[in-house]
Number of protein chains: 2
Amino acid sequence: MDTNSVSPLPPLEAPLAMLDSEKTPPGTPNGIDMPPPPDEKRYEEDPDNAWNCCSWCEYLLIVILSTILLVGVLVLTLFWVMFYRDGFAWSESPKQQFNLHPILMIAGFVTLSGFSILIYRLCRCVKHIYVKLIHMFFHAIAIPCIALGFLSIFDSHEALQKVNFYSLHSWLGFVTMGMFVLQFVIGFFSFLVMLCCENKTYSCRSAMVPIHASLGLANFWLAIATSVTGLIEKERETVAETNVSAENKLIEHYITSAIGITLIFIGIIVTFAVRRSNAPASAKVYVTERI
Amino acid sequence: MDTNSVSPLPPLEAPLAMLDSEKTPPGTPNGIDMPPPPDEKRYEEDPDNAWNCCSWCEYLLIVILSTILLVGVLVLTLFWVMFYRDGFAWSESPKQQFNLHPILMIAGFVTLSGFSILIYRLCRCVKHIYVKLIHMFFHAIAIPCIALGFLSIFDSHEALQKVNFYSLHSWLGFVTMGMFVLQFVIGFFSFLVMLCCENKTYSCRSAMVPIHASLGLANFWLAIATSVTGLIEKERETVAETNVSAENKLIEHYITSAIGITLIFIGIIVTFAVRRSNAPASAKVYVTERI
């Protein structure tokens with residue numbers, strides 16, 4: 001007797017944010033690792049799960065909008081520093097060295113980290129291992145930016161004999177950097193371990209994914225919050241400066257406000273883009289044949 | 001012949017953040033609504049899915065820590081306003097009216113909204129419809145707080161003849177309020193529609209859940225970012241005040257920094273708490289019996 005018993009789970013719309021957990025089946029609760037069966041049909045191979053027109057429109061909108069915002073905020077910061085804050089230089093003048101701080105921090109914590117997070121959404125047709133590698137690559141090139149950005153403000157404070165770690169901005173920045181390092185180390189090691197013995201570490205890695213994803217998003221928002229506090233601190237300093245004309249102060253106010261608003265919209269679009277879909281990959285149609 | 005064909009999905013650890021989508025089975029991709037079958041076994045009823053010790057420890061830690069932080073930040077703000085900013089009053093003096101702004105906004109946007117989001121995590125043994133009602137109730141009582149907080153700063157600015165919507169903080173606040181209203185309207189209507197015809201609107205509501213959840217989290221972080229910018233603006237104003245002693249300025253600096261750091265940790269813990277688990281409820285064990 002041939003019985004095709006189909007599980008009552010129907011195929012669903014394609015998951016939009018493909019996280020690790022959604023690409024591989026979950027492990028058993030008793031700690032026994034369960035690698036995906038070799039003959040298992042992948043969710044995205046199912047023609048029923050093809051994206052509809054609406055999904056593609058949303059995908060394109062997010063790709064275009066996020067690229068414009070992520071590159072735009074960096075260009076806007078460069079424009080502000082170059083034309084209104086006397087440009088930047090290393091160790092020539094503390095003021096110009098200070099100016100490196102917003103550029104490098106926004107480049108590392110927002111633009112590069114933002115693209116790194118969005119990679120899970122943007123790279124739809126790329127193998128998951130490459131997505132992970134690109135994710136790590138973007139975060140890896142963010143590290144020198146962040147390190148130099150931190151050194152520039154530290155050196156500049158030393159030269160101007162200002163106290164380090166006094167303002168709320170600096171404390172928020174300290175927490176952001178700490179969480180970034182922690183996330184990078186966790187991500188890097190779980191990625192390395194995965195390459196060594198993929199099947200043995202399955203349940204551990206599977207449990208780490210939602211933690212890494214949620215803390216990563218929290219860290220991204222933390223970086224945005226820290227950036228807007230930095231912008232406000234700088235703007236308040238500019239207001240007190242006597243050698244800047246009232247007109248220039250007003251223009252600078254609008255530029256820093258525009259950077260702040262752009263940062264906020266980046267946060268909203270990234271959070272929206274990497275949301276977990278209602279259709280997990282585990283909701284496949286399983287057909288078990290019995291004779 | 002009796003054939004028990006079991007889907008290859010094993011029971012998993014209980015989902016930690018129970019969102020709407022995880023409580024109800026998903027609809028079909030072709031738009032046909034599929035209400036849950038009446039005899040379907042609910043995921044959380046399965047004894048295999050009982051929480052282990054680690055899950056309970058994490059649950060308790062998050063409940064205790066988030067309650068301390070969410071109530072603590074409000075108490076800290078009240079303490080700051082009462083003892084260092086001359087308390088608060090309505091329409092007696094613009095300065096005292098201004099002081100209502102941080103208290104009401106932190107109460108509405110952080111404490112009440114934070115508890116409202118965490119309800120999905122905290123209420124484990126409550127029926128899902130009640131969880132939704134409590135979620136809406138917390139947001140509903142946040143509305144008068146936010147409205148009064150907005151009016152207090154508006155009135156205070158009018159009395160002091162200050163320009164409204166000039167600073168970055170005010171623009172961020174405007175975006176936060178706009179998103180809050182949008183989210184409340186969407187949540188309220190989809191909730192009402194659900195009560196009217198639960199089955200007909202299934203696929204629409206199901207698609208709304210991850211959007212509402214991700215934008216809600218983004219809005220929560222937006223509120224935190226806006227709050228820290230407000231704190232920094234206020235602190236910079238205090239530094240410029242001449243009638244405050246240097247010692248009091250330093251204490252105020254530490255209090256506002258403590259409020260800021262607490263807000264950031266609230267953001268991290270809430271993002272961590274409401275993360276989607278790797279084990280969606282749809283990964284049930286389906287047993288189909290054939291004779």
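Residues numbered from 1 in each chain as written. Chains lettered and ligands numbered in written order. Predicted model: local features only at pLDDT ≥ 70, side-chain atom pairs only at ≥ 80, totals over all residues. Heavy atoms only, no water.

1. Quick word on the overall build of chain A
Argument step 1. Helix and strand counts for chain A come out as 7 helices and 2 strands.
Argument step 2. Secondary structure elements in chain A, listed N-terminal to C-terminal, are β-α-α-α-α-α-α-α-β.
Argument step 3. Per-residue burial over chain A gives 54% buried out of 291 residues.
Argument step 4. If you take every contact in chain A between residues at least 6 apart in sequence, the share linking residues at least 24 apart comes to 78%.
Argument step 5. Taken as a whole, chain A presents about 13400 Å² of accessible surface, with 69% of it coming from carbon and sulfur. (Helix = DSSP H or I, 4+ residues; strand = E, 2+ residues; numbered from the N terminus. Buried < 20%, exposed > 50% of the residue type's maximum accessible area, 1.4 Å probe, protein only. Contact = heavy atoms within 4.5 Å. Areas by Shrake-Rupley, 256 points an atom, 1.4 Å probe, with all protein chains shown as cover.)

2. What about the packing of aromatic side chains?
Argument step 1. Taken as a whole and assessed by the stated rule, the structure comprises 26 aromatic pairs over all chains.
Argument step 2. Seen from their ring centres, Trp56 of chain B and Tyr59 of chain B are 5.3 Å apart, and the 85 degrees between their planes marks the pair as edge-to-face. Placement of both Trp56 of chain B and Tyr59 of chain B in helix 2 (residues 53-84) is noted, with a separation of 3 residues, approximately one turn of the helix.
Argument step 3. Taking the relative accessible area as the measure of exposure, Tyr59 of chain B reaches 11% and is therefore buried.
Argument step 4. In textbook terms, an aromatic cluster arises when at least three aromatic residues are bridged by ring pairs, as seen for Phe150, Phe154, Phe165, Trp171 and Phe174 of chain A. (Phe/Tyr/Trp six-rings, centres within 6.5 Å; stacked < 30°, edge-to-face > 60°.)

3. Comments concerning the UniProt feature "transmembrane region" (unreviewed entry) in chain A
All names here are of chain A.
Argument step 1. This chain's UniProt record puts "transmembrane region" (unreviewed entry) on residues 59-83, 103-122, 134-154, 174-197, 209-232 and 254-274.
Argument step 2. Summarising residues 103-122: 100% helix, 0% strand, and an end-to-end C-alpha distance of 25 Å.
Argument step 3. What you have in residues 209-232 is 100% helix and 0% strand, and the ends, taken at the C-alpha atoms, are 35 Å apart. (UniProt positions renumbered as here; feature names shortened; annotations may be inferred.)

4. Structural notes on the side chain of Glu233 of chain B
Argument step 1. Relative to the helices and strands, Glu233 of chain B is located in helix 6 (residues 202-240).
Argument step 2. The exposure class assigned to Glu233 of chain B is buried, which follows from its relative accessible area of 8%.

5. Concerning the pattern of salt bridges
Argument step 1. Inspection of the entire model under this criterion finds 15 salt bridges over all chains.
Argument step 2. The salt bridge partner of Lys234 of chain A is Glu237 of chain A, with a shortest N-O separation of 3.4 Å. Remark: Glu237 of chain A and Lys234 of chain A occur in helix 6 (residues 202-240); sequence separation between them is 3 residues, near one turn of the helix.
Argument step 3. Here Glu241 of chain B makes a salt bridge to Arg85 of chain B, at a shortest N to O gap of 3.5 Å. Highlighted residues: Glu241 of chain B in the loop between helix 6 and helix 7 (246-273) and Arg85 of chain B in the loop between helix 2 and helix 3 (94-122), separated in sequence by 156 residues.
Argument step 4. One salt-bridge network, held together by shared partners, links Lys162, Glu233, Lys234 and Glu237 of chain A together with Arg236 of chain B. (Salt bridge = Lys/Arg side-chain N within 4 Å of Asp/Glu carboxyl O.)

6. Description of the state of the cysteines
Argument step 1. Summed over all chains, the structure comprises 0 disulfides over all chains.
Argument step 2. The thiol of Cys53 of chain B is unpaired, and the distance to the nearest cysteine sulfur, on Cys57 of chain B, comes to 4.2 Å. (Disulfide = S-S within 2.5 Å.)

7. Quick look at the nonpolar core
Among soluble globular proteins, nonpolar side chains are generally buried collectively.
Argument step 1. By size, the foremost hydrophobic cluster in this structure holds 113 residues, and its most contacted members are Trp221, Ile264 and Ile268 of chain A together with Trp221, Ile264 and Ile268 of chain B.
Argument step 2. Residues within four places of Trp221 of chain A in sequence aside, it is in contact with Ile264, Gly267, Ile268 and Thr271 of chain A together with Ala218, Trp221 and Leu222 of chain B. (Core = buried A, V, L, I, M, F, W, Y, C linked by side-chain atoms within 4.5 Å.)

8. A look at unusual backbone geometry
Argument step 1. Phi is positive for Asp86 of chain A, which is not a glycine, with a value near 65 degrees.
Argument step 2. Within the secondary structure, Asp86 of chain A sits in the loop between helix 2 (53-84) and helix 3 (94-122).
Argument step 3. One non-glycine residue with positive phi stands out, namely Gln161 of chain B, at about 55 degrees.

9. A word on the confidence of the model for chain A
All names here are of chain A.
Argument step 1. Across chain A, the average pLDDT comes to 80, with 77% of residues at or above 70.
Argument step 2. The least confident element of chain A, judged by mean pLDDT, is strand 1 (residues 3-6) at 38; the most confident is helix 7 (residues 246-273) at 95.
Argument step 3. This model gives residues 280-291 a pLDDT under 50, and the stretch forms 45 contacts once residues within four places in sequence are excluded. (pLDDT = per-residue confidence, 0-100.)

10. A short note on the environment of Leu217 of chain B
Argument step 1. Structurally, Leu217 of chain B can be placed in helix 6.
Argument step 2. Residue class for Leu217 of chain B comes out buried when judged on its relative accessible area of 11%.
Argument step 3. As a C-alpha pair, Leu217 of chain B and Ile117 of chain B span 100 residues in sequence and 8.2 Å in three-dimensional space.
Argument step 4. Not counting residues within four places of it along the chain, the set of residues in contact with Leu217 of chain B comprises Leu217 of chain A together with Val270, Thr271 and Val274 of chain B.

11. Brief notes about the packing of helix 6 of chain A against helix 7 of chain B
Argument step 1. Helix 7 of chain B packs onto helix 6 of chain A with a crossing angle of 155 degrees between their chain directions and a minimal axis gap of 9 Å. Considering their axes alone, helix 6 of chain A and helix 7 of chain B lie roughly antiparallel with respect to each other. The two elements helix 6 of chain A and helix 7 of chain B meet at a crossing, and its hand is right-handed. Two secondary-structure elements touch here, helix 6 of chain A through Ile211, Ser214, Leu215, Ala218, Leu222 and Ala225 of chain A and helix 7 of chain B through Ile264, Ile268, Thr271 and Phe272 of chain B. (Axes fitted to C-alpha atoms, helices over the stretch in contact; angles between N-to-C directions. Parallel < 35°, antiparallel > 145°, perpendicular 65-115°, else oblique. Left-handed = near helix turned anticlockwise from the far one by under 90°.)

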